[in-house]
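Structural overview for review
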Amino acid sequence: MKRSLIVVGVVLFSAAVLSGQRGGPSPEMQAALAKQEALEKSSPRLQISEEVLNLVVPGHTIGEAVGVAKNSKGNLFVFTRSGNSGPVRGNTASQLFEFGPDLKFIKMWGQDNYAAGFAHTVRVDKEDNVWMTDEGTNMVVKFNPQGNVSMVLGRKPESLDYLERFVERGEKDEVRYPAGSAGTFNRPTDVAWDPQGNIFVADGYNNSRVAKLSKNGTWVKAVGTRGAGPDQFNTVHGIATDAKGLVYVADRGNRRIKVYDGDLNLQKMITSAAAPWSVCITPGPTQYLFSGDGNGKLYKMDLQGNLLGWAQTSEGHGQSGCLIHELHCESESVIYKGDCSTWTVEKITIKGTTRPTAN
């Protein structure tokens with residue numbers, strides 16, 4: 001199945017789960033869409049400029065730029081769905097590229113590594129360690145600033161296991177959304193850290209939960225099952241933390257951002273950002289929460305979840321889905337965006353706001 005079809009299928013499936021039917025949006029979904037439309041009409045419009053970055057990798061095509069992050073030196077990391085060989089079921093679709101502040105290519109990280117299967121996000125922690133979350137191999141890999149692997153979380157399913165179980169023995173996987181077990185992931189999507197260095201993994205598409213691990217990778221706990229309840233999720237697609245250690249989880253299919261404390265106790269829910277595909281939080285003394293949906297809308301909120309402004313990105317690019325896959329917050333006014341559909345990374349600069357026009 002082509003990756004574009006997978007993306008479309010995920011979006012349609014999420015809508016179907018929320019609506020409870022396949023024939024179109026339910027009254028509940030229609031009400032949610034109408035509420036979001038009314039909120040946007042009454043909220044300021046962000047005035048932005050978009051710069052599509054000229055990223056060239058010798059001998060490679062950049063591919064679906066689903067992950068984007070920067071380190072303290074201003075170097076840009078792009079995790080892409082590209083590549084055509086490697087030790088995974090089928091071919092690999094993960095390559096991690098580094099570019100300098102001048103956007104010149106520096107190197108590829110972890111080339112042909114065991115966890116490179118189907119890229120999802122890349123993050124850089126406060127010590128400039130680079131973390132890749134790979135949805136296809138069920139793995140999260142930490143590279144130190146020199147590019148050496150320093151931690152591996154999770155493990156991918158093997159081709160031999162798959163063939164023996166499902167082809168030779170003819171078994172069927174009856175559990176579509178398992179509860180998940182300690183130490184393993186099932187299509188994880190993102191990673192974040194609190195000020196103490198504890199690790200939080202968004203896990204993810206099949207497991208519907210958030211996992212907490214200690215700084216050294218020891219499993220602590222997990223919260224979440226599939227559903228729409230307070231501690232349930234429908235596609236955990238992104239995660240971020242603020243300076244106080246609160247954890248912001250993009251519960252995409254349920255159209256909300258859930259906020260937990262460091263012990264994974266639910267604190268509140270934010271419903272002002274449509275269906276969140278990615279979340280990031282700005283640095284500095286006053287922090288802001290940014291989120292984006294797959295149709296390219298960018299939302300700026302305070303940490304209480306109040307919508308401060310929004311913008312439509314990626315207009316005129318010829319696509320309408322998976323236009324925001326990961327966001328990196330460099331500052332309150334500069335956001336980097338990676339997406340699936342257009343194979344680009346954008347630098348978005350917020351220049352101001354326009355007040356809504358009264359009806």
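1. A few points about the sheet that holds strand β12 (residues 209-213)
Within a sheet, adjacent strands bond to each other through the backbone by hydrogen bonds, running parallel or antiparallel. Strand order in the open sheet made by the 4 strands is β10-β11-β12-β13, with antiparallel pairing throughout. Each of the sheet's edge strands pairs with one partner strand only, and the pair in question is β10 (188-193) and β13 (219-223). If you compare each strand with its neighbour and ignore which way they point, the axes differ by 20 degrees on average. With 4 bridges joining them, β12 and β13 adopt antiparallel strand pairing. Opposite Ala-211, over in β13, you have Ala-222 as the bridge partner.

2. Re the nonpolar core
Soluble, globular proteins show a tendency: their nonpolar side chains are buried together. Core analysis: the biggest nonpolar cluster contains 18 residues, and Phe-77, Leu-96, Val-122, Val-130 and Phe-143 have the highest contact counts within it. The set of elements that each furnish at least two residues to this core consists of β2 (64-70), β3 (76-81), β6 (119-124), β7 (130-134) and β8 (139-143). Every residue in contact with Val-130, bar those within four places of it in the chain, is listed here: Phe-77, Leu-96, Trp-109, Val-122, Arg-123, Val-124, Val-141, Lys-142 and Phe-143.

3. Description of the confidence of the model for the chain
The predicted coordinates of low-pLDDT regions are not to be read in fine detail. Per-residue pLDDT for the chain has a mean of 90; in total, 90% of the residues score no lower than 70. When the criterion is pLDDT under 50, residues 1-21 qualifies, and its contacts beyond four places in sequence or with other chains add up to 33 contacts.

4. Some points on the state of the cysteines
Counted according to the given criterion, the structure contains 2 disulfides. Between the sulfur of Cys-280 and that of Cys-329 lies a disulfide, 2.0 Å long from S to S. Given an S-S torsion of about 65 degrees, the disulfide between Cys-280 and Cys-329 has right-handed geometry. Within this pair, whereas Cys-280 is found in strand β20 (residues 278-281), its partner Cys-329 is found in strand β24 (residues 326-329), the two being separated by 49 residues in sequence. Taking the relative accessible area as the measure of exposure, Cys-280 reaches 3% and is therefore buried.

Reading the values: the criteria
- Residues numbered from 1 in each chain as written.
- Predicted model: local features only at pLDDT ≥ 70, side-chain atom pairs only at ≥ 80, totals over all residues.
- Heavy atoms only, no water.
- Pairing = 2+ DSSP bridges.
- Helix = DSSP H or I, 4+ residues; strand = E, 2+ residues; numbered from the N terminus.
- Axes fitted to C-alpha atoms, helices over the stretch in contact; angles between N-to-C directions.
- Core = buried A, V, L, I, M, F, W, Y, C linked by side-chain atoms within 4.5 Å.
- Buried < 20%, exposed > 50% of the residue type's maximum accessible area, 1.4 Å probe, protein only.
- Contact = heavy atoms within 4.5 Å.
- pLDDT = per-residue confidence, 0-100.
- Disulfide = S-S within 2.5 Å.

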